[in-house]
Amino acid sequence: RSPHMTARLRQLGFSSSKTTNCPWPRMPEQLRRHFVRGYFDGDGSFSYSHLTRYRDGTSRPNGSHTLHVSFTSHITFIERLRQWFVDECDLTLIKLSYRKKGSEFPCLHYAGRHVVTRIYHCLYDGATVWMPRKRLAIEHALQTAQTPLYIAKLTAEQVHEIRERYTSGTCTHLSLAREYGVAK
């Protein structure tokens, strides 16, 4: 532990109890995006999927990759972070979500290729320091999102036949995908 570093972090608004007290730190505005990038590298989340998820818990392939960036933290911090994204990345003010009912730790969740691209440029353009794993994952996903997934155009009869053949155990997913031209 460095007493000087600890004292300086306290001056900027940090405390040792970040679970119950996580204020938006005071710093020069020109450093803010670097701070947010560091926060994302350390505590943010990035993912992508090719499924559309519905509130009832079901999902289905959507023909493209959906990119996601999310942050979870104390409400006071997340509200300021959300406003920063509105101001700096020209995003819309979105509703916060909670993973658990009654939690004081909301999730700030952005989805979509265009939105994630804006966030990417806002955080990484002109940057000289970042965590390579996260940046490379986003860059790969942004490139992959340009490539459509294989989606079969099937008739209702073909779907019925595929279900019967698969449930009877006479073929595998992969053999059906090859037969209908959707295997990679």
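Cut-offs and rules
Along each chain, residue indices are assigned from 1 in the same order as the chain's sequence is written. Local features in this predicted model are restricted to residues whose pLDDT is 70 or higher, and side-chain atom pairs enter the listing and the counts only when it is 80 or higher, whereas totals over whole chains, interfaces and linings include all residues. Excluding hydrogens and water, the side-chain figures rest on all heavy atoms present in the structure. In DSSP terms, a helix is any run of H or I states spanning at least four residues, a strand is any run of E spanning at least two, and both are numbered starting from the N terminus. In a helix, the anticipated span is given by 1.5 Å times the number of residues less one. For every residue, the accessible area (1.4 Å probe, protein chains only) is compared with the maximum for its type, and the residue is labelled buried under 20%, exposed over 50%, or partly exposed between those bounds. Salt bridges are defined by distance alone: a side-chain nitrogen of Lys or Arg within 4 Å of a carboxyl oxygen of Asp or Glu. Here, residues are in contact when the closest pair of their heavy atoms is within 4.5 Å. Definition used in this section: a nonpolar core is a set of buried Ala, Val, Leu, Ile, Met, Phe, Trp, Tyr and Cys residues joined via side-chain atoms within 4.5 Å. Pairing of aromatic rings covers Phe, Tyr and the six-membered ring of Trp, with a centre-to-centre limit of 6.5 Å; geometry is then stacked below 30 degrees between planes, edge-to-face above 60, and tilted otherwise.

How should I be thinking about helix H4 (residues 113-124) in this particular structure?
Structurally, the α-helix is built with 3.6 residues per turn, so residues lying three or four positions apart point the same way. Taking 1.5 Å per residue, 12 residues should reach 16 Å; H4 reaches 16 Å between its end C-alpha atoms and fits that length. Here H4 has its buried residues at Val116, Ile119, Tyr120, Cys122, Leu123 and Tyr124. At the C-terminal side of H4, Gly126 shows a positive phi close to 75°.

I would appreciate a short explanation of the pattern of salt bridges in the present structure.
Pairing between side chains of opposite charge can happen when the charged atoms of each approach one another. What the rule picks out here adds up to four salt bridges. For Glu29, the salt bridge goes to Arg32, with nearest N and O atoms at 3.8 Å. Residue classification places Glu29 among the partly exposed positions, given a relative accessible area of 48%. A relative accessible area of 4% places Arg32 in the buried class. For Arg165, the salt bridge identified is with Glu179, shortest N-O distance 2.8 Å. With a gap of 14 residues between them, Arg165 in helix H6 (residues 156-167) and Glu179 in helix H7 (residues 173-179) connect regions that are remote in the sequence. On the basis of relative accessibility, which here comes to 22%, the residue Arg165 falls in the partly exposed class.

Explain the environment of Leu12 here, please?
Assignment of secondary structure puts Leu12 in the loop between helix H1 (3-11) and helix H2 (32-43). In the structure, Leu12 is positioned 13 residues away from Pro25 in sequence and 5.4 Å away in space, judged by C-alpha atoms. Sequence-distant contacts of Leu12, that is, excluding residues within four places in its chain, are made with Pro25 and Arg26.

How should the nonpolar core be read in this particular structure?
In a soluble, globular protein the nonpolar side chains are often hidden away together inside. Phe71, Leu81, Phe85 and Leu108 are the most contacted members of the largest nonpolar core, which has 31 residues in total. If we skip the residues at most four places from it in the chain, Phe71 touches Tyr39, Phe40, Gly44, Ile78, Leu81, Phe85, Pro106, Cys107 and Leu108.

Help me understand the packing of aromatic side chains, please; the structure alone is not making it clear to me.
Each aromatic ring pair is characterised by the separation of its centres together with the angle its planes make. Overall, the coordinates contain 12 aromatic pairs when judged by the stated rule. Measuring from ring centre to ring centre gives 5.5 Å for Phe85 and Tyr110, while their planes differ by 65°; the resulting arrangement is edge-to-face. Note that Phe85 is positioned in helix H3 (residues 75-89) and Tyr110 in strand S3 (residues 107-111), a separation of 25 residues in sequence. For Phe85, a relative accessible area of 0% gives the class buried. Accessibility expressed as a relative area gives 4% for Tyr110, which makes it buried. Measuring from ring centre to ring centre gives 6.5 Å for Tyr124 and Trp130, while their planes differ by 85°; the resulting arrangement is edge-to-face. Taking the relative accessible area as the measure of exposure, Trp130 reaches 32% and is therefore partly exposed. Each residue in the set Trp24, Phe35, Tyr39, Phe40, Phe71, Phe77, Trp84, Phe85 and Tyr110 is aromatic and connected to the rest through ring pairs, giving one cluster.

Any functional reading would require information that these geometric values do not contain.
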